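Here is how the chains run, residue by residue.
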Amino acid sequence: MMEQNIKEEIMAVGLPEHIAIIMDGNGRWAEKRGLDRVYGHKQGVDTVKSIVEACGEIGLKYLTLYTFSIENWNRPKAEVNALMGLMTDAIVRETAELMRQGVRVKVIGNTKDLPSDVWGKLNELIEKTAPNTGVTLVLALSYGARWEIVEAVRKLMADCEQGKVNRSDEVTEEMFARYLSTAGIPDPDLLIRTSGECRLSNFLLWQCAYTEFYFIDKFWPDFEKDDLYLAIRNFQRRERRFGMTGQQIKMRSDDGDNAILG
Ligand code: IPE
Ligand code: IPE
Ligand code: MG
């Protein structure tokens, strides 16, 4: 019941264009039940399905999910392998449903470190869903923001060496952003982290310069569609000022310019 009401309520107001989520707490969810951490990750896959579906239902344009960080490679081998296996299974099992929902999948991160079978399946999914026009689902996989920024500098320097960039004043924020793995994707308006932790853990450092943060004290497997809608409603009630005064923002929105949503 609640779902319907709050869904209608948030859809009547301007939605964020891009939501990024740090899906945290799978391991603790399982440990609390005396289960192996892998059960938490399995359960987490079901949450991903329901949240992707929820985003499609409200017409969200971009959803980025922090799926596996560069630092996560340091976890015990058995957990890393289980995560890779779960991912491959989920891709194979869910491709038809993602196609039905019109989801377009993209991946950001150091994908060359992924096992070749995982990357192979992912690549098929990316290619197959490329023409879709529904939610763009960005999976951050083997992703680290500092890795991404250093990688961008490397590409930029390579372009200098090849004479494609000649002068330092050609480097602007917009130009630099095109070297990031998120090129072409708008910055997240709202970032959600589950599990009660209040940190970025090397996620989208550049892109979150003006993102609104929302931390929820629930483990990822317990996160429901309603929690997403509540996060969006909370976001809609905020005033994004981008360095300006509240009065300036009000004047802009009175002029019909929707400055609150950026
Ligand atoms: C998030 O849950 C999933 C990944 C990082 C892959 P965790 O596995 O970090 O769960 P906690 O934080 O240990 O509970
Ligand atoms: C961040 O979660 C990475 C993902 C959710 C994929 P972690 O659980 O790895 O983050 P830290 O290490 O506790 O900061
Ligand atoms: Mg964690």
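The model shown is predicted, which means the values in this text are computed figures rather than measured ones.

Q: What am I meant to see in the overall build of the protein chain here?
A: Within the protein chain, the regular secondary structure consists of nine helices and six strands. The C-alpha radius of gyration computed for the protein chain amounts to 19 Å, which stays within 12% of the reference 18 Å derived for 262 residues, consistent with globular compactness. The C-alpha extent of the protein chain, read off along each of the three principal axes, is 55 × 55 × 35 Å. Counted over contacts in the protein chain with a minimum sequence separation of 6, partners at least 24 positions apart contribute 75%. Of the roughly 13,600 Å² of accessible surface on the protein chain, a fraction of 50% belongs to carbon and sulfur atoms. Taking the 34 positively charged and 40 negatively charged side chains of the protein chain as two groups, their mean positions are separated by 2 Å.

Q: In this structure, what is going on with the state of the cysteines? I would like to understand it.
A: Linking two cysteines covalently via their sulfur atoms produces the bond known as a disulfide. Following the criterion strictly, the structure yields zero disulfides and no others. Cysteine cysteine 208 shares no disulfide, and the gap to the nearest cysteine sulfur, in cysteine 198, comes to 14 Å. Given a relative accessible area of 8%, cysteine 208 falls into the buried group.

About the criteria used
Residues numbered from 1 in each chain as written. Chains lettered and ligands numbered in written order. Predicted model: local features only at pLDDT ≥ 70, side-chain atom pairs only at ≥ 80, totals over all residues. Heavy atoms only, no water. Helix = DSSP H or I, 4+ residues; strand = E, 2+ residues; numbered from the N terminus. Rg over C-alpha atoms; globule rule 2.2 N^0.38 Å. Contact = heavy atoms within 4.5 Å. Areas by Shrake-Rupley, 256 points an atom, 1.4 Å probe, with all protein chains shown as cover. Lys, Arg positive; Asp, Glu negative; His and termini not counted. Charge placed at Lys NZ, Arg CZ, Asp CG, Glu CD. Disulfide = S-S within 2.5 Å. Buried < 20%, exposed > 50% of the residue type's maximum accessible area, 1.4 Å probe, protein only.

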